[in-house]
Amino acid sequence: MSAQIEEVAADTASRIGKGGAPPPRGGKGRISQGIPYLLILPAAAVTVLLLGWTLVKNGMLSFQNLNPRQLIQHVTEWNGVDNYTEALGSSDFWSVTGRSVVFTAANVVLIMVVGCLIGLLLARLGNKMRLLLLLGIVLAWAMPVVAATTVFQWLFAQRFGVVNYLLDTLGWHSMADYNWTSGQFSTFFVITVLIVWQSVPFVAINLYAATTTIPKELYEAASLDGAGPWKQFTSVTFPFLKPFFLATTFLEVIWVFKSFTQVFAINEGGPDRLTETLPVYAFVEGMGNQHFGMGAAISILTIVILLALTAYYLRLVLKQEEDEL
């Protein structure tokens, strides 16, 4: 064996002495390290093409004065940051922004609380009851947004709605012909119930799946120490699932803040534009008023505000990953 080693060393030395170089080492390692990047390259390219290019075009549109006249004449009128200045200087924009933030916060809190309760319930039910409840929430989750919105419009209809009928039957006779979309608060109530109903299955199912990874020995130890259900949740479940809560809250903030279909389909931002959120406001200003550059500017500002709202949660998630490393 030593003779073979000496022979290889001598051969290498002779090639170096002749001006050659030793064969590269780690070539296969570098290739194997690059394989994951090659595998995700097609998906990354498609994402950049479909989302990145659209965002760039929308950003370019936000610096233009574009209305039907420019579209017909095929004229591009650049107006710099006038659209952003007008939007940021409008009291309506800041009113809608504040309304959107409050609306998002209320919905996310309800979604996380109800979703966590149902997820913990799934973890404690027997197999048959768990399967039945899972089937129900999966069907609710699978229903298309437009279809679910239409169903809620029927449920809360003024004359023939099931909700008004039940309230009238239970003794609230003044609710027999109540118009749920006639006021700001009642309209937001319907929209909130709809969004929470659609979002809870995602949180509940993921929480239940996450609870299955918690070692049962931790709960047994907590029980021996005299911990009740609430103490077990605060000392075992929540600390173990903290990354899940952070990530899910982060996703729900994004999903609720950008909700358009539910808000627009229920009452088109009415009454008197009092239930418009930023996505609906951008659509109404852009498509409704046919000032497409202004609508694009508001949509870009919406993205910036959303990034600002989620920056704190994103920083917490990244810090959690760094701590785990």
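Residues numbered from 1 in each chain as written. Predicted model: local features only at pLDDT ≥ 70, side-chain atom pairs only at ≥ 80, totals over all residues. Heavy atoms only, no water.

**What about the overall build of the chain?**
Line of reasoning, step 1. What the chain contains, in helices and strands, is 15 helices and zero strands.
Line of reasoning, step 2. For the chain, the accessible surface area stands at approximately 20,200 Å², while carbon and sulfur atoms represent 69% of it. (Helix = DSSP H or I, 4+ residues; strand = E, 2+ residues; numbered from the N terminus. Areas by Shrake-Rupley, 256 points an atom, 1.4 Å probe, with all protein chains shown as cover.)

**Focus on the packing of aromatic side chains**
Here the distance between the centres and the angle between the planes together describe a pair of aromatic rings.
Line of reasoning, step 1. Inspection of every chain in the model, using the stated rule, returns 16 aromatic pairs.
Line of reasoning, step 2. Residues Phe93 and Trp94 carry aromatic rings whose centres are separated by 5.2 Å and whose planes lie at 80 degrees to one another, so their mutual orientation is edge-to-face.
Line of reasoning, step 3. Using a relative accessible area of 1% as the deciding quantity, one classes Phe93 as buried.
Line of reasoning, step 4. The class for Trp94 is partly exposed, based on a relative accessible area of 48%. (Phe/Tyr/Trp six-rings, centres within 6.5 Å; stacked < 30°, edge-to-face > 60°. Buried < 20%, exposed > 50% of the residue type's maximum accessible area, 1.4 Å probe, protein only.)

**Observations regarding a nonpolar patch on the surface**
Line of reasoning, step 1. On the surface, Val46, Leu49, Leu50, Leu51, Trp53, Val56, Met60, Phe63, Trp78 and Val81 cluster together into a nonpolar patch covering about 1,000 Å² of accessible area.
Line of reasoning, step 2. Tracing the chain through its elements places Leu50 in helix α2 (residues 27–61).
Line of reasoning, step 3. Leu50 sits in the exposed class, given a relative accessible area of 54%. (Patch = residues over 30% accessible without salt bridge, like charges linked within 9 Å, V, L, I, M, F, W, Y side chains within 5 Å. Salt bridge = Lys/Arg side-chain N within 4 Å of Asp/Glu carboxyl O.)

**Some thoughts on the pattern of salt bridges**
Line of reasoning, step 1. Applying the stated criterion to the full structure yields three salt bridges.
Line of reasoning, step 2. Of the charged contacts in the structure, one is a salt bridge between Arg273 and Glu276, with a shortest N-O distance of 2.7 Å.
Line of reasoning, step 3. The residue Arg273 makes a salt bridge to Glu285 at a minimum N-O spacing of 3.1 Å. On the criterion of sequence distance, the pair formed by Arg273 in the loop between α13 (261–267) and α14 (278–288) and Glu285 in helix α14 is long-range, its members being twelve residues apart.

**Points about the environment of Thr248**
Line of reasoning, step 1. Secondary-structure assignment places Thr248 in helix α12 (residues 242–257).
Line of reasoning, step 2. For Thr248 and Val108, which are 140 residues apart along the polypeptide, the C-alpha to C-alpha distance reads 9.8 Å.
Line of reasoning, step 3. Dropping the residues within four chain positions of it, Thr248 is found in contact with Met112, Phe202 and Val203. (Contact = heavy atoms within 4.5 Å.)

**Some remarks on helix α5 (residues 91–124)**
Line of reasoning, step 1. Between its first and last C-alpha, α5 extends 50 Å over 34 residues, near the 50 Å set by a 1.5 Å rise per residue.
Line of reasoning, step 2. For α5, the capping residue at the N-terminal end is Ser90, with a side-chain oxygen 3.2 Å from the backbone nitrogen of Asp92. (Expected span 1.5 Å × (residues − 1). Polar contact = N/O pair within 3.5 Å; in protein donor to acceptor, adjacent residues only side chain to side chain.)

**Some details on unusual backbone geometry**
Line of reasoning, step 1. For the peptide bond that leads from Gly270 to Pro271, omega is 0 degrees, which places it in the cis range.
Line of reasoning, step 2. By secondary structure assignment, the location of Pro271 is in the loop between α13 and α14.
Line of reasoning, step 3. Its identity as a non-glycine residue notwithstanding, Asp272 has a phi of 55 degrees, on the positive side.
Line of reasoning, step 4. Locating Asp272 in the fold gives a position in the loop between α13 and α14.
Line of reasoning, step 5. Unusually for a residue other than glycine, Gln290 sits at a positive phi of about 55 degrees.
Line of reasoning, step 6. Considering the arrangement of structural elements, one finds Gln290 in the loop between α14 and α15 (292–324).
Line of reasoning, step 7. We classify Gln290 as partly exposed; its relative accessible area is 40%.

**Here we look at helix α6 (residues 127–142)**
In an α-helix, one turn spans 3.6 residues; hence positions three or four apart end up facing the same way.
Line of reasoning, step 1. Compared with the 22 Å implied by 1.5 Å per residue over 16 residues, the 22 Å span of α6 between its first and last C-alpha is a close match.
Line of reasoning, step 2. All buried positions along α6 are accounted for by Arg130, Leu134, Ile137 and Ala140. Within α6, the buried residues cover an arc of 125 degrees as seen down the axis, which keeps them to one side. Of the exposed residues in α6, the ones pointing more than 90 degrees away from its buried face are Lys128, Leu131, Leu132, Leu139 and Ala142.
Line of reasoning, step 3. Here the buried face of α6 lies against α5 and α9 (184–211). (Arc of directions from axis to C-beta.)

**Side note on the packing of α5 against α6**
The packing of two helices is summarised by the inter-axis angle and the distance between the axes.
Line of reasoning, step 1. Two elements in contact, α5 and α6, have axes separated by 9 Å at closest approach and are oriented at 150 degrees. One element, α5, and the other, α6, form an angle in the roughly antiparallel class. Seen along the crossing, α5 lies across α6 with a hand that is left-handed. Counted together, Ile118, Leu121, Leu122 and Ala123 of α5 and Arg130, Leu133, Leu134 and Ile137 of α6 form the full contact between these two elements.
Line of reasoning, step 2. Split by residue class, the contact of α5 with α6 holds seven nonpolar, no polar and one charged. (Axes fitted to C-alpha atoms, helices over the stretch in contact; angles between N-to-C directions. Parallel < 35°, antiparallel > 145°, perpendicular 65-115°, else oblique. Left-handed = near helix turned anticlockwise from the far one by under 90°. Nonpolar A, V, L, I, M, F, W, Y, C, P; charged D, E, K, R; others polar.)

**Notes on the nonpolar core**
Line of reasoning, step 1. Counting 50 residues, the largest nonpolar core has Phe93, Phe103, Ile191, Leu241, Phe245, Leu278 and Ile298 as its most contacted members.
Line of reasoning, step 2. The leading source of residues in this core is α9, at ten residues.
Line of reasoning, step 3. Not counting residues within four places of it along the chain, the set of residues in contact with Phe103 comprises Phe188, Ile191, Thr192, Ile195, Val256, Val263 and Thr277.
Line of reasoning, step 4. Listed in part, the five residues of the second largest apolar core include Leu122, Ile137, Ala204 and Tyr208. (Core = buried A, V, L, I, M, F, W, Y, C linked by side-chain atoms within 4.5 Å.)

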